Amino acid sequence: MEDPDSGSVRPTVNDPEGLLKRSRELLDLFWEISKPERDTRLRAADKLLQILKNSGQTDELQYVVKRLVNGLSHGREHARTGYSATLAQVLSMFEELSLKSTLEQIKEKHDLQAVNKKQIRNVAFGNFFGVLALSQSTRLHKEPEVLLECIKLLQTLAQYKDHLRELPRKTMVDILSETSEDVFEEVLLNALQTDLTSALSSPEQLELLLVAMQKFPSVIKPAKLKKLLGTASIICKHTLPRLVEVLKTAARSVKKESILPSVALDLLQVSLREDSFEVFWKEAVISGLLSDTPGPCHYLAFRLLGAALPLLSLSQLQFVLSGEVMKRYGEHVVSAQLPERFKFSPEMDVYVSSFLQSCRDPDKQLAVILAFTRLTHQGSPAVPSFWKVVEHMEPMALKQYVGWLKEAFCQPQLENCLEFSTRKQRGGPDATVQNETCVFRFRKWIIPRLISIVENHQIKKDEELVMDISRFIFFQAFFETKKATSVIPETRLSLSDPLDQNTRSVTTFAFYSLLQYLSVLPVLGDCAESETASKRRVLGVMADGSMWVFRLVEYADTLLKHKTHVQSTQTLTAEQTQAWNSMLESVETLMKKMKKSPAPEHTAFQHLLLIVGIQIFKAPEDSVELLKDLQSCMEKAQAKKSKKKKKQTESEQEPHWVEVVVEILLSLLSQPSRLIRSVCKTAFGRICPHLTQPALSAILNVLDPSNDEEESGLVVMDEKEGERTKQKQAAEEDEEEEDAEKEEGEDEEESDTDDDDDGDDDEAMEEEQEEVDQNFRLELMKVLQGQNVLATEEDGSDDEEMDDEAMMKLDENLATLFGEQKKKLQAKKDEKERLRKEKTLVRDFKIKVLDLVEVFLSKQGNSTLVLQMVEPLLSVIEKGMSSESGQQEADFLRRAADIFRNQLCRGKQYCREVEGREAELHEMMERLIGRAQKMQDSSVSLYYFSAALYVLKVLRGAMKESDSTQTPAAEVMKMGKADVERVTLCFKDALTSFMTRRKSPLTGDMFIDLFNKFPVVCVNLLDTAVENITAGVREHQQGQACVMVLRALQSKEVKELIPPSQLTELCRKTTQQLLQCLQHVECKNKAVLEKTVKALELCHFLVKTIHTQNMEVNLDPLQNVLTSMNTDESLQKSGKREDTYWSVMKLFGIQKPKVEKVKKIVEEQEAPKKKKKGFLPESKKRKNRKKPQVLEGKEAAGATETAAVEGGVEGGKKKKRKKNKKRKMSVGDEVQPQPPAKMAKIQSSQSKKKQKKKKNVGGETNAE
């Protein structure tokens, strides 16, 4: 029954067949087809096809086609694409739809003749996407008539280049590529006659002809081509000028896309088919494209070069890669080094890489790589030394390339290289460069290229090639050839130009860098893959098990023995030679012992001896001393094993061998070498099981912040730093030369910055000179008084003038005095800079020493020596937190903190042997907790607290399954050697301090971590935490107390340790504390709100536990307090506090009241009162100063006159102009008071208007 008072009721609609529902689905699908998301459009198209397939209704199919055709001219690009793709799928699936009728429907709906100019763009796109849909339906080739009509329509659309650009021509090419030869000859050839005849006028028409020639060679024969173009071939003298213009047009059309136009690639292929490639390359590319200014045409030439590589023969490759295009490419590479310039080199790398991957001919690969290597600028190749494309070379080609590099290093034939220079260098004074400089730059590039071949693990290489490169670099770094011999292959290549000191320094530095990589190189070859699955992978060794460095040391010994054929660049003394031979004997002894009984310390000594031994060619004196120390340590280590029954008194006379090895490692770490750092880290990992307390103390003393001012360890560092600077001189000089190659503008900017720096230095010197010391003042007074320049009280002759000789003498004395003062100031600056460098060196040295600490913690984390590292590491962290925040200091602090946190505190291994050291460890724990309470920063306090937990973990020992019992008597057993009462008292004082101090560095998370790791201590501290729910000094501490109690009660281990009666009493106390905490709560600030939320969370868990376990705890007072919290209905909203509150009340059976419908009615009634969008509020509206007023007599007349003057004639004005006038002008033609900026704009605009009026008046008078 209908309610008569309800008014009009919408009648019910019967839809038994579901037509309305299906129509609604189709409309929704059309909306989705026009959406921007591609996946949404595809899903909608598939769903539409499925609906049409299932329904099978013709009317519905016709309706869908009509809607899709109408949508082809949609204003949005994504919608047009979606409708076109869907129409193509519909036509492809339902072949009963006629393509001819569909095309007619498209032409009728999108008529180009009957549309106005505003809609011409959308209508043109509608026709184009309609033809595109027909072509994508895969049915177009079956209906030649429709195909012909589509081609004619595309020809018509080609006139609308402003909107469609080259899309119609490209579509014609796509249709042509899918057409059969018969259809093309019978139907399309005549229609395309005009386009084919004018093929040389545009890239699209030329591409159409080239595709037709490639697709239908039997139709487009030379005779037919001659009728079309007047010539039987595409590439000839008659067509080349027009082809160049077409290529330039195509290059400019793809400027933004940065791609190779398809017409250019087709022309390249046609030139190869017509055997006219060289003519095309010389006339079209070199004389045509490269004649234009650097830009798109040059980039097209480079792209043609890269695309032609896989298509050319070996002779054609050599012709192309040694021509003008390569030179222009090199110029581009050099000029593109400036920032914000387009760089083509990554694109060229892709072309070369794809060529090397597709072409497996070693000769062609070698020809291409050598061509790019020979492309040099003042001796330096244009390609980088680390070129990633080399990894695709065949092993045979790579081996030949390495041989060429070695020969080019020894005998650099720069006349065979393709040398180029930039435009500014050709016209500047630095056009010619000395041959020595070019040779140095060429050799300096070859060495990194050889090393990159070894270090790139993607390159397929064998051990023979790696050793060949290593031997060559070592030989060139330290030896010279006197006479060739077959025993040493490196002597066969004689140097055409001797190596200078800079080249040898670069080669030396490169060798030790290579040696560092070889020390971590995995086993090469197929044997490595088979062994990795069964054995642990060993680094730095060859397939036969010998070290790479050992093979290089053997090669060095061979060179030293052949004194008649080779000569060392640094002659070794008798002492150094003896140390070298002794090192070899020690290594052989160790190798024999390792075969009998392998030991880690033997491998460590062998590695150290080899590395220090090969350093003898770089620093002979230091290496000799280190070798002696290492050999003595090795002898002591061997003697200790053979003579175990010696007395301790004899052993105490000399330091332990490990201590000496640690000192050697520390001295080696002071050298700025990655190789030494890596070797020291590896060697220390092998000897750390034998580490003693004095050896560990030597490491920790280096990290002690109190020893920062000492200069220990700086001597070796400074010497090595000097050598390092010598090695870098060549690189710095080369960088200066490369900087000179760049634009002059950049040089000017650099000179400007240098001038600014000089100005800053002058200002600093002036500031320092202002602070003149008293001694300098006295010396100046003496000089002036000695020449009677200053008047004294006795001498009253102020006006007496000095002669020239006296003036010259005074000038000399003053110059001498100020020169000495300037030297003193410069000495102070140098001293300050020296101290800064020393501090940097010390910090860098400490960062390296941290490697040893990390290795020891990872290898020997269960050693008792670890306990001695706790407090030194904490002092390092504490000092780093309070020191200056430089980048190096920050790195050092971050590294130390990471080692302490992850390797020490969170390590899986920890010390478990505490027998007899219980009292010491308890004192350490109390000391750490006390220190944590005295910190100013919570982050530092966290590290001390974590260290205390680590010590407590050591005291407790390992947890066993037998210890997990439910009796309280097992508490002491669970804590191992720890004194539970002492530990509890210590942490109870810390907890009390945290709860009672307003600014405590401790945090609640620290104690929660304590509760989780040590349940026994948690049980003993629970009463203190419960008391501080209300006794906390601030709301934050009270909230943290609630969190602690909650986490403790949620812990399974804690529940097992607490008896049921004690647990009930604990819940009763907690309930009383919560009762007091939640009374009269007023959320005034964030702290109170957080405390309330945490108290409610604890309350929820407590009530749930009491109800679940049926404890005898009275919860009525708590329920009353919770109910009183919502008396003002302030907890009816949604939020974390409100949700937690009602989850607690739900446990008491009280549900959150639902929102009444009356409130919605009120909101609906108030909704119309809201201000409409787009309207200004009343306070922001401009006051109308022309309100109509009732005036009488003359006042009315005056008012009308002023209104007429101010407003003008309103009938002929628009509202917009009125508003602008009201904003700019006020009553009486006076400007309103505005901010200064607006006043300036108004005045400038008014002055411009006056000037325009004056010009107009002047023009009129002149015309008259």
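Note that this is a predicted model, so its numbers are computed, not measured.

### Regarding the overall build of the protein
Per the secondary structure count, the protein includes 57 helices and five strands. Of all 1264 residues assigned to the protein, the portion counted as buried reaches 44%. A sequence separation of at least 24 residues applies to 73% of the contacts in the protein between residues at least 6 apart. Accessible surface computed for the protein: about 71,400 Å², of which carbon and sulfur atoms make up 49%.

### As for the nonpolar core
What tends to happen in soluble globular proteins is that the nonpolar side chains get buried as a cluster. Grouped together as the largest cluster of nonpolar side chains are 357 residues, with contacts concentrated most on Ile234, Phe684, Phe987, Leu1010 and Leu1122. The greatest single-element share of this core, amounting to 12 residues, is contributed by helix H43 (residues 938-956). Once residues lying within four places of it in the same chain are set aside, the contact partners of Leu1010 are Phe945, Leu949, Leu952, Phe987, Val1017 and Leu1021. Counting residues in hydrophobic clusters, the runner-up holds five residues, among them Phe776, Leu784, Leu810 and Leu817.

### Considering the pattern of salt bridges
Pairs may arise between side chains of opposite charge once their charged atoms sit close together. A full pass over the atoms with the stated rule returns 28 salt bridges. Notably, a salt bridge pairs Glu324 with Arg328, separated by 3.3 Å at the nearest N-O pair. A residue pair is termed a helical-turn pair when its members lie 3 or 4 positions apart in one helix, as Glu324 and Arg328 do in helix H19 (residues 324-335) at four residues. With relative accessibility at 29%, the residue Glu324 sits in the partly exposed group.

### Looking at the packing of aromatic side chains
Aromatic ring pairs are defined here through the distance separating the ring centres and the angle between the ring planes. The tally for this structure, following the rule as stated, stands at 32 aromatic pairs. Put simply, the rings of Phe474, Phe475, Phe478, Phe479, Phe511, Tyr512, Tyr555, Trp580 and Phe617 pair up and form one aromatic cluster. The ring of Phe125 has Arg80 sitting right over it, with the charged end atom 4.3 Å from the ring centre. A cation over an aromatic ring shows up here: Lys618 above the ring of Tyr512, its NZ or CZ 5.1 Å from the ring centre.

### Digging into the side chain of Thr373
Tracing the backbone through its elements, the reader meets Thr373 in helix H21 (residues 362-374). On the basis of relative accessible area, Thr373 is assigned to the buried category, the value being 0%. Of note is the side chain of Thr373, whose polar atom sits 2.7 Å from the backbone oxygen of Ile369. Polar contacts involving the side chain of Thr373 include one to the side chain of Tyr401, which spans 2.9 Å. Residues in contact with Thr373, not counting those within four places in the same chain, are Pro381, Tyr401, Trp404, Leu405, Trp445 and Arg449.

### Some remarks on unusual backbone geometry
Non-glycine residue Asp275 carries a positive phi angle of around 60°. Tracing the sequence through the fold places Asp275 in the loop between helix H15 (262-273) and helix H16 (277-289). In the Ramachandran plot, Asn1110 falls in the positive-phi region, its phi being about 55° despite a non-glycine side chain. Classification of Asn1110 as exposed rests on a relative accessible area of 63%.

### Details of the side chain of Lys406
Tracing the backbone through its elements, the reader meets Lys406 in helix H22 (residues 395-410). Not counting residues within four places of it along the chain, the set of residues in contact with Lys406 comprises Asp468, Phe472 and Leu493.

### Here's the deal with a positive patch on the surface
Together, Arg121, Arg165, Lys255 and Lys256 make up a positively charged patch on the protein surface. Topologically, Lys255 is positioned in the loop between helix H14 (240-253) and H15. Residue Lys255 is classed as exposed on the basis of its relative accessible area, which comes to 59%.

### A look at helix H2 (residues 38-55)
Taking 1.5 Å of rise per residue, 18 residues should cover 26 Å, and H2 covers 26 Å from first to last C-alpha, within 8% of that figure. Within H2 the residues assigned to the buried category are Thr40, Arg41, Ala44, Ala45, Leu48, Leu49, Ile51 and Leu52. An end-on view of H2 places all buried positions within 165° of arc, on one side of the element. Exposed and oriented more than 90 degrees from the buried face of H2 are Arg43, Lys47, Lys53 and Asn54. A positive phi of about 70° marks Gly56, the residue just after H2.

### Focus: the packing of helix H30 (residues 600-614) against helix H33 (residues 657-669)
Any two packed helices are characterised by the angle at which their axes cross and by the distance between the axes. Here H30 crosses H33 at 40°, and the two axes come no closer than 13 Å. Relative to H33, H30 is oriented so that their crossing is left-handed. Here Glu601, Phe605, Leu608 and Val612 of H30 lie close against H33, whose contacting residues are Trp657, Val661, Leu665 and Leu668. The class makeup of the residues in the contact of H30 with H33 is seven nonpolar, no polar and one charged.

### Regarding the packing of helix H25 (residues 463-478) against helix H26 (residues 501-518)
Two numbers describe how H25 lies on H26: the axes approach to 8 Å, and their chain directions differ by 145°. For the pair H25 and H26, the crossing hand works out as left-handed. Note on element contacts: H26 touches H25 through Arg504, Thr507, Thr508, Phe511, Tyr512, Leu514 and Leu518, opposite Val466, Ser470, Ile473, Phe474, Gln476, Ala477 and Phe478. In the contact of H25 with H26, the residues fall into nine nonpolar, four polar and one charged.

### Structural notes on the sheet that holds strand E3 (residues 418-419)
Strand order in the open sheet made by the three strands is E2-E1-E3, with mixed pairing throughout. One side of each edge strand has no neighbouring strand; the edge strands of this open sheet are strand E2 (380-381) and E3. Here strand E1 (residues 375-377) runs beside E3; their pairing, made up of two bridges, is parallel. The partner of Leu375 across the bridge, within E3, is Leu418. Of the strands in this sheet, E1 and E3 touch H19, which is tilted by about 45° from E1.

### A word on a negative patch on the surface
On the surface, a cluster of negative charge is made up of Glu181, Asp182, Glu185 and Glu186. Topologically, Glu185 is positioned in helix H10 (residues 181-191).

### Overview of the confidence of the model for the protein
Looking at the protein, the pLDDT average stands at 79 and 79% of residues meet or exceed 70. In the predicted structure, residues 644-652 sits below a pLDDT of 50 and forms zero contacts with residues beyond four places in sequence or in another chain.

Parameters and conventions
Residues numbered from 1 in each chain as written. Predicted model: local features only at pLDDT ≥ 70, side-chain atom pairs only at ≥ 80, totals over all residues. Heavy atoms only, no water. Helix = DSSP H or I, 4+ residues; strand = E, 2+ residues; numbered from the N terminus. Buried < 20%, exposed > 50% of the residue type's maximum accessible area, 1.4 Å probe, protein only. Contact = heavy atoms within 4.5 Å. Areas by Shrake-Rupley, 256 points an atom, 1.4 Å probe, with all protein chains shown as cover. Core = buried A, V, L, I, M, F, W, Y, C linked by side-chain atoms within 4.5 Å. Salt bridge = Lys/Arg side-chain N within 4 Å of Asp/Glu carboxyl O. Phe/Tyr/Trp six-rings, centres within 6.5 Å; stacked < 30°, edge-to-face > 60°. Lys NZ or Arg CZ within 6 Å of the ring centre and 35° of its normal. Polar contact = N/O pair within 3.5 Å; in protein donor to acceptor, adjacent residues only side chain to side chain. Patch = residues over 30% accessible without salt bridge, like charges linked within 9 Å, V, L, I, M, F, W, Y side chains within 5 Å. Lys, Arg positive; Asp, Glu negative; His and termini not counted. Charge placed at Lys NZ, Arg CZ, Asp CG, Glu CD. Expected span 1.5 Å × (residues − 1). Arc of directions from axis to C-beta. Axes fitted to C-alpha atoms, helices over the stretch in contact; angles between N-to-C directions. Left-handed = near helix turned anticlockwise from the far one by under 90°. Nonpolar A, V, L, I, M, F, W, Y, C, P; charged D, E, K, R; others polar. Pairing = 2+ DSSP bridges. pLDDT = per-residue confidence, 0-100.

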